[in-house]
Amino acid sequence: MFDKKTYIRRRAELKKRVGSGVLLFLGNDDCGCNYADNTYPYRQDSTFLYYFGLPFAGLSAIIDIDNDREIIFGDELTIDAIVWMGTQPTLHEKAHSVGVDCVCPSSTLRATLDKAVASGQRVHYLPVYRAEHSLKLWSLLDVKPGSEKPSAEFICGVVDMRNHKTAEEIVEIEKACDVTAEMHLAAIRGVRPGMHEYEVAAIIENAAASRDCSLSFPTICTINGQTLHNHYHGNLIKEGDMVLIDAGAERPSGYAGDMSSTICAGKNFSPRQKSIYDIQVASHLAAVDMLAPGVPFVDVYERSAEVICAGLKDLGIMKGDPAEAVKAGAHAMFFPCGLGHMMGLDVHDMENLGEVWVGYGGKPKSTQFGRKSLRLARPLEEGFVLTIEPGVYFIPELIDLWKGEGRFADFINYQELDKWRGFGGIRNEEDYLITADGARRLGKKIPLTTEEVEALR
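Residues numbered from 1 in each chain as written. Predicted model: local features only at pLDDT ≥ 70, side-chain atom pairs only at ≥ 80, totals over all residues. Heavy atoms only, no water.

Visitor: In this structure, what is going on with the packing of helix H10 (residues 271-290) against helix H11 (residues 297-314)? I would like to understand it.
Guide: The angle between the axes and the distance between the axes are what describe a pair of packed helices. Contact geometry for H10 and H11: axes closest at 8 Å, N-to-C directions at 155°. One finds that H10 runs roughly antiparallel with respect to H11. Crossing of H10 over H11 shows right-handed handedness. Seen from H10, the contacting residues are Ile 276, Ile 279, Ala 282, Ser 283, Ala 286, Ala 287 and Met 290; seen from H11, they are Asp 299, Val 300, Arg 303, Ser 304, Val 307, Ile 308, Gly 311 and Leu 312. Classifying every residue of the contact of H10 with H11 gives 10 nonpolar, three polar and two charged. (Axes fitted to C-alpha atoms, helices over the stretch in contact; angles between N-to-C directions. Helix = DSSP H or I, 4+ residues; strand = E, 2+ residues; numbered from the N terminus. Parallel < 35°, antiparallel > 145°, perpendicular 65-115°, else oblique. Left-handed = near helix turned anticlockwise from the far one by under 90°. Contact = heavy atoms within 4.5 Å. Nonpolar A, V, L, I, M, F, W, Y, C, P; charged D, E, K, R; others polar.)

This is the structure we're talking about:
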């Protein structure tokens with residue numbers, strides 16, 4: 001938690017941005033994994049954390065803009081809860097620590113909202129991402145699941161504030177990035193042929209836990225890098241394999257890091273692996289070079305894709321004009337995902353509030369395959385924190401589909417591509433802060449080039 005003045009200031013700014021009505025904040029509850037008392041690790045809702053800072057289950061809050069009131073709703077611990085979980089600050093003490101003077105029992109929240117609606121006030125709420133939130137809206141506002149109408153004013157107010165990281169937030173994010181880097185460095189040093197993926201994943205997760213961090217998302221550690229979000233860890237790592245790792249740390253404050261590495265299983269990359277790896281690195285560096293306020297991130301994405309197409313053309317896998325290939329969408333055979341995303345209290349920051357607001361400033365997204373997965377496209381602004389993670393992937397199922405349809409035959413040499421169908425995938429990822437005159441990498445540097453990776457093997 002930050003100083004209470006931070007939360008007071010944030011709530012005051014949000015009131016100005018939304019203007020009127022009642023803002024409803026639904027905190028997260030504990031959630032049973034396979035029965036009620038065996039819960040998943042608890043994580044508070046990020047927007048609740050941003051404005052109220054309290055990492056405790058069972059809380060909700062309102063900001064009554066019109067009447068200048070802020071109320072936290074919750075219940076004191078019973079003696080049974082204290083016996084099992086230990087004591088906690090009282091509800092009043094929790095609220096006071098973040099600058100809120102008024103607290104009420106959870107059972108009174110419905111009546112408070114009913115009174116606001118009866119007086120003509122609008123109750124603003126955010127998009128739901130948990131079933132419990134849908135059920136709460138149903139019980140509190142008679143909004144049936146599936147018929148929610150989140151407040152655009154509330155969403156935009158939150159997004160505009162959370163997108164611009166303050167100095168104290170950047171300190172926390174950089175701490176998370178430093179631990180994230182240590183996770184990757186431990187893996188790069190530790191990978192050996194004959195290990196299983198789960199043994200490497202254990203190295204990664206130990207590096208986080210031993211530094212008082214949890215994981216910001218489930219670890220990806222796979223020899224099958226062509227599967228973008230591969231969470232299976234059961235494969236045996238063999239000489240000649242590459243291990244793709246995507247892993248991040250989350251600080252106790254909730255702030256996240258997110259990095260990726262691709263590691264040769266043996267001491268060196270093969271010439272064939274290096275030829276593709278170098279293309280990925282060139283794409284990565286081209287993207288980093290463009291980062292600056294005012295630059296549309298979609299332009300950065302297109303440039304990174306053009307570099308990939310040009311490199312694959314040099315290998316005979318693609319043909320034609322790289323820029324035209326990207327415009328047509330042919331690059332998505334090898335780069336079917338986005339280039340990066342916002343990062344902060346969520347590893348994909350505010351994704352629950354909608355990419356159209358967070359990454360597109362309210363403008364519509366493309367529906368083109370590959371491009372539609374671009375989470376960030378808007379012009380960059382000072383204070384944005386984002387990832388850079390272009391990849392080069394050889395996905396046999398996609399190769400077979402597009403080849404069978406004769407798609408993009410003007411840009412893809414399928415005869416040559418068939419020789420690479422078992423190659424796998426490569427991704428490297430770093431985190432960047434947009435500054436007044438460019439960008440700054442956050443966290444300790446992890447190896448990027450093949451030479452840097454091999455130096456640690």
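Visitor: Hey, could you run me through the pattern of salt bridges in this one?
Guide: It is possible for side chains of opposite charge to pair when their charged atoms get near one another. The final tally for this structure, using the stated rule, is 39 salt bridges. Note that Arg 122 is salt-bridged to Glu 153, the shortest N-O span being 2.9 Å. Taken as a pair, Arg 122 in the loop between helix H5 (109-118) and strand S7 (123-124) and Glu 153 in helix H7 (residues 152-162) lie far apart in primary sequence, 31 residues in all. Of the charged contacts in the structure, one is a salt bridge between Arg 303 and Glu 306, with a shortest N-O distance of 3.9 Å. Taken together, the residues Arg 303 and Glu 306, both in helix H11 and three residues apart, mark about one turn of the helix. Within the structure, one salt-bridge network assembled from shared partners comprises Arg 11, Lys 15, Asp 68 and Glu 70. (Salt bridge = Lys/Arg side-chain N within 4 Å of Asp/Glu carboxyl O.)

Visitor: Sorry if this is basic, but what is going on with the sheet that holds strand S6 (residues 102-105) here?
Guide: Paired through backbone hydrogen bonds, the strands of a sheet run either parallel or antiparallel to each other. The strand order S6-S5-S4-S1-S7 describes an open sheet built from five strands, whose pairing is mixed. Across the chains shown, the open sheet's two edge strands, defined by having one partner strand only, are S6 and S7. In this sheet, S7 lies alongside strand S1 (residues 22-26) in parallel orientation, the contact comprising two bridges. Bridge pairing links Val 22 to Val 123 in S7. In this fold helix H1 (residues 4-18) packs onto S1, strand S4 (60-64), strand S5 (69-74) and S7, with an angle of close to 130° to the strand it touches most, S1. (Pairing = 2+ DSSP bridges.)

Visitor: Which parts of the structure should I look at to understand the layout of surface pockets?
Guide: Any empty space left between the atoms is revealed when a probe the size of a water molecule rolls over them. Taken as a whole, the largest pocket encloses approximately 1,200 Å³ of empty space. Going through the elements one at a time, helix H2 (46-52) and strand S8 (214-215) are the ones with two or more residues in the lining of the largest pocket. Residue composition of the lining of the largest pocket, by class: 16 nonpolar, 15 polar and 12 charged. When its volume is computed, the second largest pocket comes out at roughly 310 Å³. For the second largest pocket, the lining is made up of 16 residues, of which Ala 57, Gly 58, Leu 77, Met 85 and Gln 88 are closest to its centre. Residues of the lining of the second largest pocket, tallied by class, amount to eight nonpolar, four polar and four charged. (1 Å grid on protein atoms, 1.4 Å probe; cavity = no way out; pocket = protein on both sides within 12 Å on 5 of 7 lines; lining within 4 Å. Points joined across faces, edges and corners; volume = space filled by probe spheres on them.)

Visitor: Can you walk me through the sheet that holds strand S9 (residues 220-222) in this structure?
Guide: The strand order across the open sheet built from three strands is S9-S10-S12, with neighbouring strands paired in antiparallel fashion. Every other strand in the sheet has two partners, leaving S9 and strand S12 (259-264) as the edge strands with one partner each. Pairs of neighbouring strands in the sheet enclose a mean axial angle of 10°, with direction left out of account. Here six bridges tie strand S10 (residues 242-247) to S12, and the two strands are oriented antiparallel to one another. When the sheet's bridge partners are listed, Ile 245 is paired in S12 with Ser 261. Packed onto the sheet, helix H9 (residues 197-209) meets S9 and S10 and runs at close to 145° relative to S9.

Visitor: Teacher, can you tell me more about helix H14 (residues 396-405) here?
Guide: Three or four residues apart is the spacing at which side chains of an α-helix point the same way, because the helix has 3.6 residues per turn. All of the buried residues in H14 are Leu 398, Ile 399 and Trp 402. Angular distribution of buried residues about the axis of H14 spans 100°; they occupy a single face of the element. Seen from the open side of H14, the exposed residues pointing more than 90 degrees away from its buried face are Glu 397 and Gly 404. Where H14 is buried, its residues meet helix H15 (414-417). (Buried < 20%, exposed > 50% of the residue type's maximum accessible area, 1.4 Å probe, protein only. Arc of directions from axis to C-beta.)

Visitor: Hey, could you run me through the pairing of strand S2 (residues 32-35) in this one?
Guide: Note on strand geometry: in a regular strand, side chains alternate between the two faces of the sheet. Bridging between S2 and strand S3 (residues 38-39) involves two bridges; their strand directions are antiparallel. Residue pairing across strands places Gly 32 opposite Thr 39, the latter belonging to S3. The hairpin turn running from S2 into S3, its antiparallel successor, is two residues long.

Visitor: Please clarify how the packing of aromatic side chains should be interpreted in this entry.
Guide: In this description, a pair of aromatic rings is defined by centroid distance and the angle of the planes. One pass over the full model with this rule turns up 15 aromatic pairs. Both rings, one in Phe 25 and one in Phe 52, keep their centres 5.1 Å apart while their planes meet at 75°; by these two values the pair is edge-to-face. Highlighted residues: Phe 25 in strand S1 and Phe 52 in helix H2, separated in sequence by 27 residues. According to the relative accessible area criterion, Phe 52 is buried, its value standing at 0%. Consider the rings of Phe 269 and Tyr 277, whose centres lie 4.8 Å apart with planes at 55°: the pair is tilted. The exposure classification of Phe 269 matches that of Tyr 277, with both residues buried. Three or more aromatic residues link up through ring pairs in this structure, and these residues are Phe 25, Phe 48, Tyr 50, Tyr 51, Phe 52 and Phe 154. The ring of Phe 56 has Lys 94 sitting right over it, with the charged end atom 4.3 Å from the ring centre. Over the ring of Trp 420 we find Arg 272; its NZ or CZ atom is 3.9 Å from the centre of that ring. (Phe/Tyr/Trp six-rings, centres within 6.5 Å; stacked < 30°, edge-to-face > 60°. Lys NZ or Arg CZ within 6 Å of the ring centre and 35° of its normal.)

Visitor: I keep staring at the packing of H5 against helix H6 (residues 131-141) and nothing clicks. Help me out?
Guide: The contact between H5 and H6 brings their axes to 9 Å, and the two run at 60°. By the criterion of interaxial angle, the relationship of H5 to H6 is oblique. Taken together, the residues of H6 that come into contact with H5 (itself represented by Leu 109, Arg 110, Leu 113 and Asp 114) are Trp 138, Ser 139, Leu 140 and Leu 141. Here the residues of the contact of H5 with H6 sort into five nonpolar, one polar and two charged.

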